[in-house]
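Single-letter residue listing:
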Amino acid sequence: MIEPNHVLDAKGLACPMPIIKTKKTINKLEPGQVLEIQATDKGSTADLQAWAKSSGHEYLGTETEGDILRHFLRKAGGNTASETTVIPEISLKSFKEKVESDEKMTILDVRERDEYEERHIRGVIHIPLGDVEQRSDELNKEDKIYVICHSGRRSELAAQTMAKQGFKKLINVMPGMRDWTGKTE
């Protein structure tokens, strides 16, 4: 049993809010302290794992109690510098125009399986955020890759992970499938 120094209630919040609240809360903790994030968003596990990795914090695990996911993160030490690459963004409107022009595009959807199966853009490659690091070799590092998720937060984390692996032409679609009005499968 992990004993947290602080508990954050993110129950009922959808992506990207659990990450935004976690970021604000962890900034108030001392290095080495543990934050428990209570969430009900199924995607929060992969989101928090990826965010912890990209921000230098330690993901300690998740415990499930009914519908509540209890995530545990340890704040990184004061000397941990997080290297982040600025990922270019494209507006959903501009992205939709490109998709509808039938331009040949590589689109990576990093949402969880149930979100993807509910509706997705035809022809996308689906790799959930939690699998991106291990499965990025399924993509060509030379291609321009448009990364999309529900709101734009997970896709940014996925693009950060891929940039560290040598992908140079990544574009984050903002805000994501939440506001997508184009054709879906």
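What comes next concerns the included structure. Since the model is a prediction, treat every value here as computed from it, not as a measurement.

Criteria and thresholds
- Residues numbered from 1 in each chain as written.
- Predicted model: local features only at pLDDT ≥ 70, side-chain atom pairs only at ≥ 80, totals over all residues.
- Heavy atoms only, no water.
- Pairing = 2+ DSSP bridges.
- Helix = DSSP H or I, 4+ residues; strand = E, 2+ residues; numbered from the N terminus.
- Contact = heavy atoms within 4.5 Å.
- Axes fitted to C-alpha atoms, helices over the stretch in contact; angles between N-to-C directions.
- 1 Å grid on protein atoms, 1.4 Å probe; cavity = no way out; pocket = protein on both sides within 12 Å on 5 of 7 lines; lining within 4 Å.
- Points joined across faces, edges and corners; volume = space filled by probe spheres on them.
- Nonpolar A, V, L, I, M, F, W, Y, C, P; charged D, E, K, R; others polar.
- Buried < 20%, exposed > 50% of the residue type's maximum accessible area, 1.4 Å probe, protein only.
- Right-handed = clockwise from strand over helix to strand, strands pointing away.

Here's the deal with the sheet that holds strand 7 (residues 125-126)
Sheet strands line up and pair through hydrogen bonds in the backbone, either parallel or antiparallel. Overall, parallel pairing links the five strands, which are arranged 5-9-8-6-7 in an open sheet. Pairing within the sheet leaves two strands with one partner each, and these edge strands are strand 5 (89-91) and strand 7. Pairing of strand 5 with strand 9 (residues 170-174), which is carried by three bridges, proceeds in the parallel orientation. The residue bridging glutamate 89 from the neighbouring strand is asparagine 172, located in strand 9. Taken strand by strand, helix 3 (residues 92-100) contacts strand 5, strand 6 (106-109), strand 8 (145-148) and strand 9, and its axis lies near 80° from that of strand 5. Packing of helix 6 (residues 153-164) onto the sheet brings it into contact with strand 6, strand 8 and strand 9, and relative to strand 9 it is tilted by some 175°.

Section: the layout of surface pockets
Here the largest pocket is characterised by a volume of approximately 420 Å³. Taken together, 16 residues line the largest pocket, and the ones lying closest to its centre are Val99, Glu100, Asp102, Ile121 and Arg122. A per-class count over the lining of the largest pocket returns five nonpolar, four polar and seven charged. One number sums up the size of the second largest pocket: a volume of about 210 Å³. Ala46, Gln49, Ala50, Lys53, Leu129, Gly130, Val132, Glu133, Gln134 and Thr161 together form the lining of the second largest pocket. Going through the elements one at a time, helix 2 (44-55) and helix 5 (132-135) are the ones with two or more residues in the lining of the second largest pocket.

Re the environment of lysine 53
One can find lysine 53 in helix 2. Among the residues examined, lysine 53 registers a relative accessible area of 53% and is labelled exposed. As for lysine 53 and leucine 157, which are separated by 104 residues in sequence, their C-alpha atoms are 9.3 Å apart.

What to know about the sheet that holds strand 1 (residues 6-10)
Ordered in space as 1-2-4-3, the four strands form an open sheet in which the pairing is mixed. Each edge of the open sheet is held by one strand with a lone partner, namely strand 1 and strand 3 (58-65). Across the sheet, the mean angle from the axis of one strand to that of its neighbour is 20°, orientation sign disregarded. Across five bridges, strand 1 lies against strand 2 (residues 34-39) in parallel orientation.

Quick word on the pairing of strand 8
Neither face of strand 8 is left uncovered, since the one carrying Ile145 and Val147 and the one carrying Tyr146 and Ile148 both have all their residues buried. As paired elements, strand 8 and strand 9 share three bridges and run parallel to each other. By the bridge assignment, isoleucine 145 is partnered in strand 9 with leucine 170. Remark: the strand 8/helix 6/strand 9 crossover connection has right-handed handedness.

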